Amino acid sequence: MKICVVGVGYVGLVTAGCLAEAGSDVICVDNDRKKIEGLKSGVIPIYEPGLTEIVKHNQKLGRLHFTTDLKHGVDNSLLIFLAVGTPTAKDGSCDISAVLAVAHQIAENLSDYRIIATKSTVPVGTYKKVTDLIKSKTDTPFDYVSNPEFLKEGAAVEDFMSPDRIIIGTNSPDVRRTLKHLYNPFMRKSIRILFMDPASAEMAKYAANVMLATRISFMNEISALCEKLDADAELVRRAIGSDSRIGSAFLFPGVGYGGSCFPKDIRALIHTGSELGVKMTIAESVQLANINSQLRFIKRITDYFEGRESNTVLAVWGLAFKARTDDVRESPAIFCIKKLLESKMKINAYDPEAASAALAALDGKIETFKSGYDALDSADALVILTDWQEFRNPDFELIASKLKKPVIFDGRNLYDPDVVRNAGFEYHSVGRKPNLPTQPQNKKHES
Ligand SMILES: NC(=O)c1ccc[n+]([C@@H]2O[C@H](COP(=O)([O-])OP(=O)(O)OC[C@H]3O[C@@H](n4cnc5c(N)ncnc54)[C@H](O)[C@@H]3O)[C@@H](O)[C@H]2O)c1
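Residues numbered from 1 in each chain as written. Predicted model: local features only at pLDDT ≥ 70, side-chain atom pairs only at ≥ 80, totals over all residues. Heavy atoms only, no water.

Any chance you could explain the sheet that holds strand β11 (residues 367–368) here in plain terms?
Remark on secondary structure: sheet strands pair via backbone hydrogen bonds, oriented parallel or antiparallel. The parallel open sheet is built from six strands, whose spatial order is β11-β10-β9-β12-β13-β14. One side of each edge strand has no neighbouring strand; the edge strands of this open sheet are β11 and β14 (426–428). Two strands pair when backbone bridges link them, and strand β10 (residues 346–350) and β11 are joined in this way by two bridges, in the parallel orientation. Among the inter-strand pairings, N348 is bridged to a residue of β11, identified as E367. Along the sheet, helix α12 (residues 281–304) makes contact with β9 (313–317), β12 (381–384), β13 (407–410) and β14, crossing β13 at roughly 160°. (Pairing = 2+ DSSP bridges. Helix = DSSP H or I, 4+ residues; strand = E, 2+ residues; numbered from the N terminus. Contact = heavy atoms within 4.5 Å. Axes fitted to C-alpha atoms, helices over the stretch in contact; angles between N-to-C directions.)

Right, here's the structure in full:
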């Protein structure tokens, strides 16, 4: 099938690469000239496991092309995917101006029947706005389909190749058949395509993201209570997660959710509700609980170093909003670091992939290091803000030898408190009382 993907970011590039991998011819269009030039010469602009190999392989086979020329994409494809950004507007609503701008351009270049499919997350009713806009500019026939994307950054290729479900929002039987055909290669085990009307498809995306964020915020509030009551949030998490009615996903206590989707999608749903007179009380509370979980974690650190903030150096492990991505958009790590910098602490940070994006987001106000251990030298504590796999089983002896005093503030609950305590650390995690070391600290650590 001949496909055009407009917007070559986390969603667009993965979509394009995976569709090409399954045999489609894909033209990728983006208005970021530098990004397109880079991609043409093999520079993959984002870190996403498995993506580089797929993009390079299909580029070599001639199934994946990159251009800034939307007309070329429209002329040479049956199906046009919109995967441009939909950030938060000033009033909290979802800014769909990029979607509308692309729709406008498509309309101007439409000379034959096309299917226009939106992968971007857009408020309910966008299908109508886009359809009306294109119809007002051209008489050329087209169909519109809402096809929201559910991939997770860090596992986006896996998710695309083996999705939990594909949502196809259109009332046209022909378009349903075409999309089913397109997604068939990714449905080898069982067909997981849900057909519905476009409004329900648009709503399903928001409902899914707010539901997932709700679980995280709920667990973080329970964790706050656990800390007060001397209960262990990790044990509580396992207890409730083993209930088949609840399940274990998205229940990890920590510094809260972030990323390019949950925060903005929650804001957009709240805004949609307020416009229609439906108060989204759960979404509002989820947002508040998330901020509170970040502030609680920061307070533990600032309380600990109270009065000596300007002499405090923190080694931070993790800058990305979650593991396996270089994305720092609305990352809890960035939020926490900004607050710690405001309290005059110095930050020496390490992240396997997100250091340069974080440096840009923090205006170069932190120092970054090539390894987690290098960031520890003479720091007053280790602070963990992202759950990268490589942080999970570190050399505790080496960490202790580099820190001024063996103290860990773990915003992702990566360690068994007994193990860390036995290694001589003071260990602060989320939803559990602080753990003091079982062994006396050595002379260096006492000073
Ligand atoms: N990132 C995720 O995990 C994820 C998951 C599901 C859904 N989504 C949704 O998918 C959409 C895209 O998200 P993303 O993270 O890939 O965004 P992104 O910022 O990584 O990529 C968007 C791309 O669109 C391009 N673009 C913007 N305006 C354009 C225009 N007028 N013409 C051509 N290109 C244009 C940008 O240059 C950029 O390369 C958003 O609506 C998002 O909410 C994202």
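Now, onward.
Is there a simple way to think about the pattern of salt bridges in this case?
Side chains carrying opposite charge are able to pair once their charged atoms draw close together. Following the criterion strictly, the structure yields 22 salt bridges and no others. The partner of D159 in a salt bridge is K152, and the shortest N-O contact between them spans 3.0 Å. Exposure remark for D159: the relative accessible area of 18% places this residue in the buried category. You can call K152 partly exposed: its relative accessible area is 36%. For E158, the salt bridge goes to R324, with nearest N and O atoms at 3.2 Å. Here R324 lies in the loop between β9 and α13 (332–342) and E158 lies in helix α7 (residues 156–161), a separation of 166 residues in the sequence. One network of salt bridges, with partners in common, ties together E153, D327 and R329. (Salt bridge = Lys/Arg side-chain N within 4 Å of Asp/Glu carboxyl O. Buried < 20%, exposed > 50% of the residue type's maximum accessible area, 1.4 Å probe, protein only.)

Hey, could you run me through the site of the ligand in this one?
Around the ligand there are 26 residues in total, and D30, K35, T86, E153 and K264 lie nearest to it. Contact between the ligand and K35: an oxygen atom at 2.5 Å from a side-chain N or O atom of the residue. With respect to the ligand, the side chain of T86 contributes an N or O atom lying 2.5 Å from an oxygen atom. A total of 830 Å² of accessible area belongs to the ligand in isolation, and the protein chains cover 87% of it. Taken together, the elements giving at least two residues each to the shell around the ligand come down to α1 (10–21) and α5 (97–109). (Near = heavy atom within 4 Å. Polar contact = N/O pair within 3.5 Å; in protein donor to acceptor, adjacent residues only side chain to side chain. Areas by Shrake-Rupley, 256 points an atom, 1.4 Å probe, with all protein chains shown as cover.)

What exactly am I supposed to notice about the side chain of T140 here?
Looking at the element boundaries, T140 is found in the loop between α6 (126–137) and β6 (142–146). For T140, a relative accessible area of 16% puts it in the buried group. Of note is the side chain of T140, whose polar atom sits 3.1 Å from the backbone oxygen of L110. Here T138 takes part through its side chain, which lies 3.0 Å from a polar atom of the side chain of T140. When neighbours within four sequence positions are excluded, T140 is seen to be in contact with L110, S111, D112 and Y113.

Explain helix α3 (residues 51–60) to me, please; I cannot follow it from the model alone.
Side chains that are three or four residues apart share a direction in an α-helix, a result of its 3.6 residues per turn. Of the positions making up α3, those classed as buried are L51, I54, V55, N58 and Q59. Down the axis, α3 shows its buried residues gathered within 125° of arc, on one side only. Opposite the buried face of α3, at more than 90 degrees from it, the exposed residues are E53 and K60. Backbone geometry just after α3 places G62 at a positive phi near 80°. (Arc of directions from axis to C-beta.)

It is not clear to me how the packing of α1 against α3 should be interpreted in this structure. Could you clarify?
Each pair of packed helices gets described by two things: the angle between the helix axes and the distance between those axes. Across the interface, α1 lies against α3 with an axial gap of 9 Å and an inter-helix angle of 55°. Considered as vectors, α1 and α3 are oriented oblique to each other. Crossing angle aside, the handedness with which α1 passes α3 is left-handed. Together, L13, V14, G17, C18, A20 and E21 of α1 and L51, I54, V55, H57 and N58 of α3 make up the contact between the two elements. Per-class residue counts for the contact of α1 with α3 are seven nonpolar, three polar and one charged. (Parallel < 35°, antiparallel > 145°, perpendicular 65-115°, else oblique. Left-handed = near helix turned anticlockwise from the far one by under 90°. Nonpolar A, V, L, I, M, F, W, Y, C, P; charged D, E, K, R; others polar.)

Looking at this model, I keep getting lost on α6. Mind explaining?
Relative to the 16 Å expected for 12 residues at 1.5 Å per residue, α6 spans 17 Å between its end C-alpha atoms, a close match to the ideal helical length. Among all positions of α6, only T126, V130, T131, L133 and I134 are buried. End-on, the buried residues of α6 take up no more than an arc of 165°, which puts them together on one face. Opposite the buried face of α6, at more than 90 degrees from it, the exposed residues are K129, K135 and S136. On its buried face, α6 sits against α5, β5 (114–118), β6 and α9 (198–229). (Expected span 1.5 Å × (residues − 1).)

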